[in-house]
Amino acid sequence: MVGAATFHAAIVEITIGSLTLAVICNILCLQFAFSLPYDRLKLSENMLITMDRAGLMGALLGSIMMPFAIFTGTLSVSGNPVGSELLYNKFLYSGLAFGFWASYLIGRIRMGSEIWKSKKTNLLQVITSILAFTMTITVASIGGKIVRNESILDLMPFWFPLNTTIIMSPLISTLLLIIGASSIFIMYKLDDLIDSKN
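About the cut-offs
Residues numbered from 1 in each chain as written. Predicted model: local features only at pLDDT ≥ 70, side-chain atom pairs only at ≥ 80, totals over all residues. Heavy atoms only, no water. Helix = DSSP H or I, 4+ residues; strand = E, 2+ residues; numbered from the N terminus. Buried < 20%, exposed > 50% of the residue type's maximum accessible area, 1.4 Å probe, protein only. Areas by Shrake-Rupley, 256 points an atom, 1.4 Å probe, with all protein chains shown as cover. 1 Å grid on protein atoms, 1.4 Å probe; cavity = no way out; pocket = protein on both sides within 12 Å on 5 of 7 lines; lining within 4 Å. Points joined across faces, edges and corners; volume = space filled by probe spheres on them. Nonpolar A, V, L, I, M, F, W, Y, C, P; charged D, E, K, R; others polar. Phe/Tyr/Trp six-rings, centres within 6.5 Å; stacked < 30°, edge-to-face > 60°. Patch = residues over 30% accessible without salt bridge, like charges linked within 9 Å, V, L, I, M, F, W, Y side chains within 5 Å. Salt bridge = Lys/Arg side-chain N within 4 Å of Asp/Glu carboxyl O. Expected span 1.5 Å × (residues − 1).

(A) Layout of the overall build of the chain. In terms of helices and strands, the chain carries five helices and zero strands. The helix and strand sequence of the chain, counted from the amino end, reads α-α-α-α-α. Evaluated residue by residue, the chain yields a buried proportion of 32% over its 198 residues. For the chain, the computed accessible surface area is about 12400 Å², with 70% contributed by carbon and sulfur atoms.

Right under this line is the structure:
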């Protein structure tokens, strides 16, 4: 019988691969609104449209697979996970990663490919996908720390304090929830504002 760890490894590879494709394509989509100083690096309009679509599909597939990766990762943990700071942080960063990718997808689907034409929304999408990818890589690195006691973040000249957790008070948690809900509201209003200008 195949164990949860094997399924987890396969699902994580699909998730990370898809989201890597998405963030690379999104960075290249900066060219929709920002000109490059070198002509050799410029992509054609058709290539940029392809990058937009590939980024969208990569983010969509990665976001669909992410809950399965979280679920199989939880099942594959050996021993008693209660009290593990690394597992707590993995859960926390998984939520952040999923939230950032969901924000990217909501903005892109709601506003369509026109989101890349405005400098502000273009930059917002790229920054959102970079933050989402950073959270995703952090989650994968925590998994490596749990299983092999090494991670991709070990290559960095600094280390995030992932062995400790921050317990937030209910007031701060409520404030973060309000900020998140406000962000969604602003994104919807921004779409209406752009529609009214067109």
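(B) Structural view of the layout of surface pockets. Its boundaries defined by the atoms lining it, the second largest pocket holds a volume of some 840 Å³. Contributing to the lining of the second largest pocket are 32 residues, with His8, Val12, Gly73, Lys90 and Gly143 lying nearest its centre. Of all the elements in the fold, those that place two or more residues in the lining of the second largest pocket are helix 1 (4-28), helix 2 (45-75), helix 3 (85-111) and helix 4 (119-148). For the lining of the second largest pocket, the per-class residue count stands at 17 nonpolar, 12 polar and three charged.

(C) The arrangement of the packing of aromatic side chains in detail. Taken as a whole, this structure holds one aromatic pair when the rule is applied. Taking the centre distance of 6.0 Å and the plane angle of 85 degrees together, the rings of tryptophan 101 and tyrosine 104 count as edge-to-face. Placement of the pair is tryptophan 101 and tyrosine 104 together in helix 3, with a separation of three residues, close to one helical turn.

(D) Looking closely at a nonpolar patch on the surface. Together, Met57, Leu60, Ile64 and Phe68 make up an exposed nonpolar region whose accessible area comes to about 370 Å². Residue position: methionine 57 is located in helix 2. Methionine 57 sits in the partly exposed class, given a relative accessible area of 48%.

(E) Focus on helix 4. When the terminal C-alpha atoms of helix 4 are compared, their 42 Å separation across 30 residues agrees well with the 44 Å that a helix rising 1.5 Å per residue should span. Taken from the residues just after helix 4, asparagine 149 is the one with a positive phi, measuring 60 degrees.

(F) Looking closely at helix 3. Over its 27 residues, helix 3 extends 39 Å from the first C-alpha to the last, a length consistent with the 39 Å expected when each residue adds 1.5 Å. Along helix 3, the residues classified as buried are Leu86, Asn89, Lys90, Ser94, Ala97, Trp101, Tyr104, Leu105, Gly107, Arg108 and Met111. Just downstream of helix 3, glycine 112 is the residue with a positive phi angle, here 70 degrees.

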